[in-house]
Amino acid sequence: MPVPTGVWARAWDSSADGMLVLEPDWSVRYVNRAGARALGLQTPADGHRDLWSLLPQLRGTPFEHSLRRLERTGEPVTWEMEHAPHGWFEQRAYRVDDRTVVVLHDADARRAAQLERGQLLGRMSVLLSLASALARTDTVEDVARAALAVVRDHLGADYAGLSMIDGPWVTTLGLGQVDPAVEQVWHRLPLDHPDPATQVARTGRPLVFTTFAELAAAFPASRERLERAGLRSGTVLPLTIADGWRIGAFSVAWRTDHRLTDSETELLTAVADATAQAARRAQLYAERRDVAHTLQAAMLPELPRLPGLELAGRYVPWSPTDEQVGGDWYDALALPGGGSLFVIGDVAGHDVQAAAQMGQVRAMLRALSVDRPQESPAALVARLDHVLAELGADTLTTLTVVRLDPPGAPRQLRWSTAGHPPGVLVDAGGCSTVVDGPPDLPLGVDASAPRHEHVTPWPPGGTLVLYTDGLVERRDQDVWEGVGLLRRALERTHTAPLDELLDALVADTVARAEDDCAVLAVREPRP
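Analysis parameters
Residues numbered from 1 in each chain as written. Predicted model: local features only at pLDDT ≥ 70, side-chain atom pairs only at ≥ 80, totals over all residues. Heavy atoms only, no water. Helix = DSSP H or I, 4+ residues; strand = E, 2+ residues; numbered from the N terminus. Buried < 20%, exposed > 50% of the residue type's maximum accessible area, 1.4 Å probe, protein only. Contact = heavy atoms within 4.5 Å. Core = buried A, V, L, I, M, F, W, Y, C linked by side-chain atoms within 4.5 Å. Phe/Tyr/Trp six-rings, centres within 6.5 Å; stacked < 30°, edge-to-face > 60°. Pairing = 2+ DSSP bridges. Axes fitted to C-alpha atoms, helices over the stretch in contact; angles between N-to-C directions. Expected span 1.5 Å × (residues − 1). Polar contact = N/O pair within 3.5 Å; in protein donor to acceptor, adjacent residues only side chain to side chain. Salt bridge = Lys/Arg side-chain N within 4 Å of Asp/Glu carboxyl O.

1. Section: the overall build of the protein
- Check the secondary structure of the protein and you find 15 helices and 21 strands.
- Taking all 527 residues of the protein together, 49% fall into the buried category.
- For the protein, restricting intrachain contacts to residue pairs at least 6 apart in sequence, the fraction spanning at least 24 positions comes to 60%.

2. Considering unusual backbone geometry
- In the Ramachandran plot, W26 falls in the positive-phi region, its phi being about 70 degrees despite a non-glycine side chain.
- Position of W26 relative to the elements: it lies in the loop between strand 1 (18–22) and strand 2 (28–31).
- Backbone geometry places D97, a non-glycine residue, at a positive phi of 60 degrees.
- Its relative accessible area of 61% is what places D97 among the exposed residues.

3. A word on the nonpolar core
- In terms of nonpolar packing, the biggest core is built from 40 residues, with F342, L384, L399, V401, L413 and L464 touching the most fellow members.
- Those residues in contact with L413 that lie beyond four places of it in its chain are V402, R403, L404, L425, H454, V455, T456, W458 and L464.
- Ranked by size, the runner-up nonpolar core spans 34 residues in total, among them V151, I241, V271 and A278.

4. Here's the deal with the packing of aromatic side chains
- Throughout the structure, instances matching the rule amount to three aromatic pairs.
- Judged by centre distance (5.8 Å) and plane angle (55 degrees), the ring pair of W26 and W52 falls under tilted. Separated by 26 residues along the polypeptide, W26 in the loop between strand 1 and strand 2 and W52 in helix 3 (residues 51–54) bring together distant segments of the chain. Like W52, W26 is buried.
- With centroids separated by 5.5 Å and ring planes inclined at 90 degrees, the aromatic side chains of F63 and W79 adopt a geometry described as edge-to-face. On the criterion of sequence distance, the pair formed by F63 in helix 4 (residues 62–73) and W79 in strand 3 (residues 77–83) is long-range, its members being 16 residues apart.

5. Structural notes on the sheet that holds strand 6 (residues 159–166)
- Here six strands make up an open sheet; going across it, the order is 8-7-6-11-10-9 and the pairing antiparallel. Edge positions in the sheet fall to strand 8 (188–190) and strand 9 (207–209), since each of these pairs with one other strand and no more. For this sheet the average axis-to-axis angle between neighbouring strands, irrespective of direction, equals 20 degrees.
- Along the sheet face, helix 6 (residues 140–155) touches strand 6 and strand 11 (246–254) and points at about 150 degrees away from the line of strand 6.

6. Some points on the pairing of strand 7 (residues 169–172)
- The pairing of strand 6 with strand 7 spans four bridges and is classified as antiparallel. Note on strand 7: the bridge partner recorded for M164 is T171.
- Once strand 6 ends, the chain turns through two residues before running back antiparallel as strand 7, passing G167 with a positive phi of about 65 degrees.
- Here strand 7 pairs with strand 8 via three bridges, running antiparallel.

7. Here's the deal with helix 12 (residues 352–371)
- Taking 1.5 Å of rise per residue, the 20 residues of helix 12 would be expected to cover 28 Å, and the 29 Å separating its terminal C-alpha atoms lies within 8% of that figure.
- All buried positions along helix 12 are accounted for by A354, A355, Q357, M358, G359, V361, R362, M364, L365, L368 and S369.

8. Examining the sheet that holds strand 13 (residues 328–334)
- What the five strands build is an open sheet, ordered 13-14-15-16-19; its pairing is antiparallel. Both outer strands of the open sheet, strand 13 and strand 19 (454–457), are each paired with one neighbouring strand and no more. In this sheet, neighbouring strand axes are inclined to one another by 15 degrees on average, regardless of whether the strands run parallel or antiparallel.
- Looking at chain direction, strand 15 (residues 397–404) and strand 16 (residues 412–418) are connected through six bridges and run antiparallel. Bridge pairing in strand 16 places T400 opposite T417.
- Sitting on the sheet, helix 12 is in contact with strand 13, strand 14 (340–347) and strand 15, with an inclination near 20 degrees to strand 13.

9. Section: the side chain of D328
- Relative to the helices and strands, D328 resides in strand 13.
- Residue classification places D328 among the buried positions, given a relative accessible area of 0%.
- A distance of 2.7 Å separates a polar atom in the side chain of D328 from a polar atom in the side chain of T468.

10. Focus: the pairing of strand 15
- Counting buried residues along strand 15, eight of its eight residues qualify, which places the element largely inside the surrounding structure.
- On strand 15, burial covers both faces: T397, L399, V401 and R403 on one face and T398, T400, V402 and L404 on the other are all buried.
- Bridging between strand 14 and strand 15 involves eight bridges; their strand directions are antiparallel. By the bridge assignment for strand 15, S340 is matched with L404.

11. Comments concerning the pattern of salt bridges
- Scanning the model with the defined rule gives 22 salt bridges in all.
- Put simply, D331 and R362 hold a salt bridge, and the shortest N to O gap is 3.4 Å. With D331 in strand 13 and R362 in helix 12, the pair connects residues that are 31 residues apart, well separated along the chain. As far as burial versus exposure is concerned, D331 and R362 are alike and both buried.
- Measuring nitrogen to oxygen at the nearest pair gives 2.7 Å for the salt bridge that ties R366 to D331. With R366 in helix 12 and D331 in strand 13, this pair connects stretches of sequence that are 35 residues apart.
- The exposure class assigned to R366 is partly exposed, which follows from its relative accessible area of 31%.
- Counted as one network, the salt bridges with shared partners bring together R59, E64, R68 and E71.

Right under this line is the structure:
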């Protein structure tokens, strides 16, 4: 293999790839400029000298191992190796005649691209894990625990704190990561307090510290507390949502001196962004639940005191949206001129809208019943259906309206049912009967449909239980099977105080809830 001269030598010297030609005795026959630069050789002075004496640092490295393998097998060999200070090279050696040719190709750009892709895939994996965890959160505390797990597992952090602005305060959830006394102080601090989390929450400017000395110098008033926490390095990032609205701060720290890399900083910024969105969503859920609870409490009546009767009611919510409201309700009122009216009803739906519609139906029914106190339950239900239709109320409602005669003998129950499950009446001896009859159509189907009334004697010392279908209906059992179970339960517990009796009835419903449930019990005390 002739050594290039003239134009060929100039061409090889202008190549970006290094070129090294070795004689069979490992002496350097030729090296171009790029090759000499990569290997640290002085050319042409180094020509015809032994490679291993020129570059003893190559002994025992992949460079020597690869050339020895080529010498043994005669097959081309490729490897990667770093040649300081010029970086990484992809090297390929092959035989031409009896000489060895080594081509050195700069691999820094490719390795940097691979590293960047790897870091990107790593960040995506972390963020995917975080997104999956955050999707299962309902509360701010759940969000804090999910974020802590991610920075602990993927970055080896010792602490992650979620601090939320709450009016003039900043609340930091304590997750048992540092001294309990410190967590208790951090739990609620004024927004203008000189502390890392409060400062970042207030200003929106991120904070980075690599040693405890830096942190203590920036917050001298909090030095003792920070020292007790045992955290030496970390960062505090603002939590912001749409339009730059700050809702708090996210702190990540280590118990050792740790300098964040650019990749770690980018990852933590993305984690803080995702955490901010999840924390705000959890806040909105909590606010919505609070509104729903207030609405439901306003819709359910405070049961009145009725002469000669005991009353008790229960409402057990169920909702896949966790709004804890629905369209089930009960009501009781004393009628002008004597007698009592009891209502159990269910507006279709398990959300705030259903609760609002239920409130409208309940208010209309109360007004109509007081307007004509002597009206039969069937006529009252018919008027209610007509009013709802005239007002364009788009709602489907089942209900049972029961009227009990004033105290005296004999007393009677009169009722009308609009597509609702039957009540159960238990006498003083524990014998139960179903307050039943052919059910009429639910409200909202056909206001012109006839309404029917049913009558049964009221047993002295009796107990009437009205309920919605959530008490007796299950996917794995028929409604009438549920009614039978309810009757047997009432027969066993009919002597229990009314509140205890209802608690026992709804206990199973709470454990296996598949629908909202409302229950109203009316009892005439035994003589």
